[in-house]
Amino acid sequence: MAYVVVFERFAWFDRCVRNGRYPNAAALADRFEISRKTAQRNIDFMRDRLAAPLEYDPSRRGYRYS
């Protein structure tokens, strides 16, 4: 069951990035009621282990695909 919840986070974050919404750890944390550290770990996992081409855009304060 826990894996389904994590997958939902990944899917939501991916949809936001693809729709040009520039999500960040705070938005992920707020949406799923998790800590910001957990949200950042999820984002790092997507980038580092799932090879998602995520990059942070400081001017938009969120992530995009490179």
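Caption draft 1: Broad picture of the pattern of salt bridges. Under the defined criterion, the tally for this structure stands at five salt bridges. One salt bridge in this structure joins Arg-18 and Asp-14, with 2.9 Å as the shortest N-O distance. Of this pair, Arg-18 and Asp-14 are both found in helix H1 (residues 2–18), four residues apart, which corresponds to roughly one turn of the helix. The class of Arg-18 is exposed, set by a relative accessible area of 62%. In this structure, Arg-47 engages Asp-48 in a salt bridge whose closest nitrogen and oxygen atoms are separated by 2.9 Å. Here Arg-47 falls in the partly exposed class, since its relative accessible area comes to 30%.

Caption draft 2: A look at the packing of H1 against helix H3 (residues 36–48). The interhelical angle for the contact between H1 and H3, taken along N-to-C directions, is 75°, at an axis separation of 11 Å. Relative to H3, the element H1 is oriented roughly perpendicular. Only Thr-38, Asn-42, Ile-43, Phe-45 and Met-46 of H3 make contact with H1, whose side of the interface consists of Arg-9, Phe-10, Phe-13 and Asp-14. In terms of residue class, the contact of H1 with H3 is made up of five nonpolar, two polar and two charged.

Caption draft 3: How the structure looks around the packing of aromatic side chains. A full pass over the atoms with the stated rule returns four aromatic pairs. Summarising the aromatic geometry, the rings of Tyr-56 and Tyr-63 are spaced 5.3 Å apart at their centres and angled 70° between planes, so their arrangement reads as edge-to-face. Aromatic ring contacts, followed pair by pair, group Phe-13, Tyr-56 and Tyr-63 into a single cluster. Across from the ring centre of Phe-32, 5.1 Å away, lies the NZ or CZ of Arg-31, which sits over that ring.

Caption draft 4: How the structure looks around H1. Counted at 1.5 Å a residue, the expected span for H1 with its 17 residues is 24 Å, and the 25 Å between its end C-alpha atoms agrees. Residues Arg-9, Phe-10, Trp-12, Phe-13, Asp-14, Cys-16 and Val-17 constitute the buried set of H1. Of the surrounding elements, those touching the buried residues of H1 are helix H2 (25–32), H3, strand S1 (54–57) and strand S2 (62–65). Gly-20, located one to two residues past H1, shows a positive phi value of around 75°.

Caption draft 5: Region of interest: H3. When the terminal C-alpha atoms of H3 are compared, their 18 Å separation across 13 residues agrees well with the 18 Å that a helix rising 1.5 Å per residue should span. Taken as a whole, H3 has its buried residues at Ala-39, Asn-42, Ile-43 and Met-46. In a view along the axis of H3, the buried residues occupy a sector of 95°, so they form one face of it. Residues of H3 that are exposed and point more than 90 degrees away from the buried face comprise Lys-37, Arg-41 and Asp-48. Tucked into the core, H3 has its buried residues touching H1, H2, S1 and S2.

Each value, and the rule that gives it
Every chain begins its residue count from 1, and numbering advances along the sequence as written. Local features are withheld for residues below a pLDDT of 70 in this predicted model, meaning they are given only at 70 or higher, and side-chain atom pairs are given and counted only at 80 or more; totals for whole chains, interfaces and linings count all residues. The side-chain quantities take in all heavy atoms of the structure and omit both hydrogens and water. Definition used for salt bridges: Asp or Glu carboxyl oxygen within 4 Å of a side-chain nitrogen of Lys or Arg. Helix numbering and strand numbering both begin at the N terminus, where a helix is a DSSP run of H or I of at least 4 residues and a strand a DSSP run of E of at least 2. A 1.4 Å probe rolled over the protein chains alone gives each residue an accessible area, and that area as a share of the maximum for its type sets the label: buried under 20%, exposed over 50%, partly exposed in between. Fitting a line to C-alpha atoms yields each axis, with helices limited to the stretch in contact; the angle taken between N-to-C directions then spans 0 to 180 degrees. Each angle is binned into one of four classes, with values under 35 degrees roughly parallel, values over 145 roughly antiparallel, values of 65 to 115 roughly perpendicular, and all other values oblique. Residues are treated as being in contact if the distance between any of their heavy atoms lies within 4.5 Å. Residues were grouped as follows: Ala, Val, Leu, Ile, Met, Phe, Trp, Tyr, Cys and Pro as nonpolar; Asp, Glu, Lys and Arg as charged; and all remaining residues, including Gly, as polar. Working definition: a ring pair exists when centres of Phe, Tyr or Trp rings (six-membered ring for Trp) sit within 6.5 Å. Plane angles under 30 degrees give stacked, over 60 give edge-to-face, the rest tilted. Note on criteria: charge over ring means Lys NZ or Arg CZ within 6 Å of the ring centre, with the direction from the centre no more than 35 degrees off the ring normal. To estimate how far a helix should extend, the number of its residues minus one is multiplied by 1.5 Å. What the arc describes is the spread of directions from the helix axis to the C-beta atoms.

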